[in-house]
Amino acid sequence: MGGHYARAGGEPDAVADAVAEHYQPVGAGTPIPATPVGRIVALADKLDTLAGIFAVGLKPTASKDPYALRRAALGVLRILVEGGLALDLRELLRQALAAQPAGERGEATLHELESFLFDRLRGLLAESVGREVFDAVAACGTQVVTDFVARTEAVLEFQKLPEAEQLAAAHKRVRNILRQAEVTAPAVDPSAFVEAAEGALHQALLAQRDGFEQAVAAADYVNALRQLAALQAPVDGFFSEVMVMADDVRLRQNRLALLAELDRLCREVADISLLPG
């Protein structure tokens, strides 16, 4: 009715359409607003509702959601994903909180809102994305929901590769070694290599790194992970032939540095160690 009133009152069609659409989506399976302005107004309305009610401490419980905040959160996520809006969710929530006239508007409330939205995103992607894939992408910290979805789709493609499972298992081992070492390794020094497998892994990292990082920068995550898969064989060779925690401090530090570089690449698109392997 608001849309009809706006049009009858002489408002431009874009305004009338946005007023009519801003409640959408009204439920699961119903369409998001069709117009760009309608999507932005719907986002603003839902984010304002979420921020305002969380700020005054009336967030949903396990059994009660009187203000339909779960529906509002799903609406926000669907508009971002289906509307192709590459917006930073944390920044949207921060701005929505800052606009509230009262309540707790600090980092604690922002964190609660983020967790609430990402729980809904997990549910939204539940049918297409497993828990491991969701957690692996969540570990990279992206707050742009469209980017999050693109990464999950790339990881699903990566899992089809024959190298994926072994590389995930190797990355788990790398993470454990680095965690237990509790040191910050220096830069890799090729002159300190003793075993051929050390040099082979280093060369493979150098060969793949530039193309991998260019693909990540272009959000071409499928291609990036394909390049990462090429590291599986030299990684396996390294662990077959090299004792990382050597008695010689220089050798040990250099090998840890090599693994730290591998670890960095394996957590760029998603945390590969969290995948089955």
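Visitor: Describe the overall build of the protein, naming the residues involved and giving the relevant values.
Guide: Across its full length, the protein holds 13 helices and 0 strands. Along the protein, from the amino end to the carboxyl end, the secondary structure elements read α-α-α-α-α-α-α-α-α-α-α-α-α. Computed over its C-alpha atoms, the radius of gyration of the protein comes to 24 Å, more than 25% above the 19 Å expected for a compact globule of 277 residues. Classification of the 277 residues of the protein by burial places 42% in the buried group. For the protein, restricting intrachain contacts to residue pairs at least 6 apart in sequence, the fraction spanning at least 24 positions comes to 68%. Entry remark: accessible area of the protein is about 13900 Å², with carbon and sulfur atoms responsible for 53%. One way to put it: in the protein the 27 positive side-chain charges average out to a point 4 Å from where the 38 negative ones average out.

Visitor: I'd like a description of the pattern of salt bridges, backed by residues and values.
Guide: Oppositely charged side chains are able to pair whenever their charged atoms sit close together. Here the structure, examined in full by the defined rule, presents 21 salt bridges. Between lysine 59 and glutamate 112 there is a salt bridge, with the nearest N and O atoms lying 2.8 Å from each other. Placement of lysine 59 in the loop between α3 (36–55) and α4 (69–82) and of glutamate 112 in helix α6 (residues 107–124) is noted, with a sequence separation of 53 residues between them. With a closest N to O distance of 2.7 Å, arginine 264 and glutamate 213 form a salt bridge. Placement of the pair is arginine 264 in helix α13 (residues 249–266) and glutamate 213 in helix α10 (residues 196–217), with a sequence separation of 51 residues. Taking the relative accessible area as the measure of exposure, arginine 264 reaches 32% and is therefore partly exposed. Bridged by salt links that share partners, the residues Arg209, Glu213, Glu261, Arg264 and Glu268 form one connected network.

Visitor: Mind laying out unusual backbone geometry, listing which residues take part and the relevant values?
Guide: With an omega of -5°, the peptide bond between glutamine 24 and proline 25 qualifies as cis. Here proline 25 is to be found in the loop between α2 (13–21) and α3. Despite not being glycine, alanine 68 has its phi angle at roughly 55°, a positive value. Relative to the assigned elements, alanine 68 resides in the loop between α3 and α4. A positive phi angle, close to 60°, is found at alanine 219, a residue other than glycine. Note that alanine 219 resides in the loop between α10 and α11 (221–229).

Visitor: Let's hear about the packing of aromatic side chains: which residues, and what values?
Guide: Scanning the entire structure with this criterion turns up 4 aromatic pairs. The structure contains a cluster of three or more aromatic residues connected by ring pairs, namely Phe118, Phe134 and Phe148. Lying across the ring of phenylalanine 116, arginine 120 places its NZ or CZ 4.6 Å from the centre.

Visitor: Tell me about the packing of helix α9 (residues 164–181) against helix α12 (residues 232–241), residues and numbers included.
Guide: When two helices pack together, their arrangement is given by the angle between their axes and by how far apart the axes lie. Between α9 and α12, the least distance of the axes is 10 Å, while the angle of their chain directions is 50°. It follows from the interaxial angle that α9 and α12 lie oblique. The crossing of α9 and α12 is left-handed. From α9, Gln166, Leu167, Ala170, Arg173, Val174 and Ile177 reach across to α12, where they touch Gln232, Val235, Asp236 and Phe239.

Visitor: With reference to specific residues and values, describe a nonpolar patch on the surface.
Guide: Judged by side-chain polarity, Val56, Leu58 and Tyr67 come together as a nonpolar surface patch covering roughly 280 Å² of accessible area. Here leucine 58 is to be found in the loop between α3 and α4. By relative accessible area, leucine 58 is classed as partly exposed at 43%.

Visitor: Lay out the nonpolar core with the relevant residues and their values.
Guide: Counting 77 residues, the largest nonpolar core has Leu50, Leu89, Leu117, Leu228, Phe239 and Leu259 as its most contacted members. Setting aside its immediate chain neighbours within four residues, leucine 117 contacts Leu50, Ala73, Val76, Leu77, Leu89 and Leu93.

Visitor: Got a sec to walk through the environment of proline 12? Specific residues and values, please.
Guide: With respect to the secondary-structure elements, proline 12 resides in the loop between α1 (2–8) and α2. When its relative accessible area of 47% is taken as the criterion, proline 12 is described as partly exposed.

Visitor: Pulling in residues and values, what's your account of the side chain of asparagine 254?
Guide: The topology assignment puts asparagine 254 in helix α13. In this view, asparagine 254 contacts Ala187, Val188, Asp189, Ala192 and Phe193; residues no more than four positions away in its chain are not counted.

Visitor: Lay out α3 in plain terms, naming residues and giving numbers.
Guide: For α3, built from 20 residues, the straight-helix expectation of 28 Å at 1.5 Å per residue is met to within 8% by its first-to-last C-alpha distance of 28 Å. What α3 keeps buried is the set Gly38, Ala42, Leu43, Lys46, Leu47, Leu50, Ala51, Gly52, Ile53, Phe54 and Ala55. Next to the buried residues of α3 lie α2, α4, α5 (89–98) and α6.

Quick notes on the rules
Residues numbered from 1 in each chain as written. Predicted model: local features only at pLDDT ≥ 70, side-chain atom pairs only at ≥ 80, totals over all residues. Heavy atoms only, no water. Helix = DSSP H or I, 4+ residues; strand = E, 2+ residues; numbered from the N terminus. Rg over C-alpha atoms; globule rule 2.2 N^0.38 Å. Buried < 20%, exposed > 50% of the residue type's maximum accessible area, 1.4 Å probe, protein only. Contact = heavy atoms within 4.5 Å. Areas by Shrake-Rupley, 256 points an atom, 1.4 Å probe, with all protein chains shown as cover. Lys, Arg positive; Asp, Glu negative; His and termini not counted. Charge placed at Lys NZ, Arg CZ, Asp CG, Glu CD. Salt bridge = Lys/Arg side-chain N within 4 Å of Asp/Glu carboxyl O. Phe/Tyr/Trp six-rings, centres within 6.5 Å; stacked < 30°, edge-to-face > 60°. Lys NZ or Arg CZ within 6 Å of the ring centre and 35° of its normal. Axes fitted to C-alpha atoms, helices over the stretch in contact; angles between N-to-C directions. Parallel < 35°, antiparallel > 145°, perpendicular 65-115°, else oblique. Left-handed = near helix turned anticlockwise from the far one by under 90°. Patch = residues over 30% accessible without salt bridge, like charges linked within 9 Å, V, L, I, M, F, W, Y side chains within 5 Å. Core = buried A, V, L, I, M, F, W, Y, C linked by side-chain atoms within 4.5 Å. Expected span 1.5 Å × (residues − 1).

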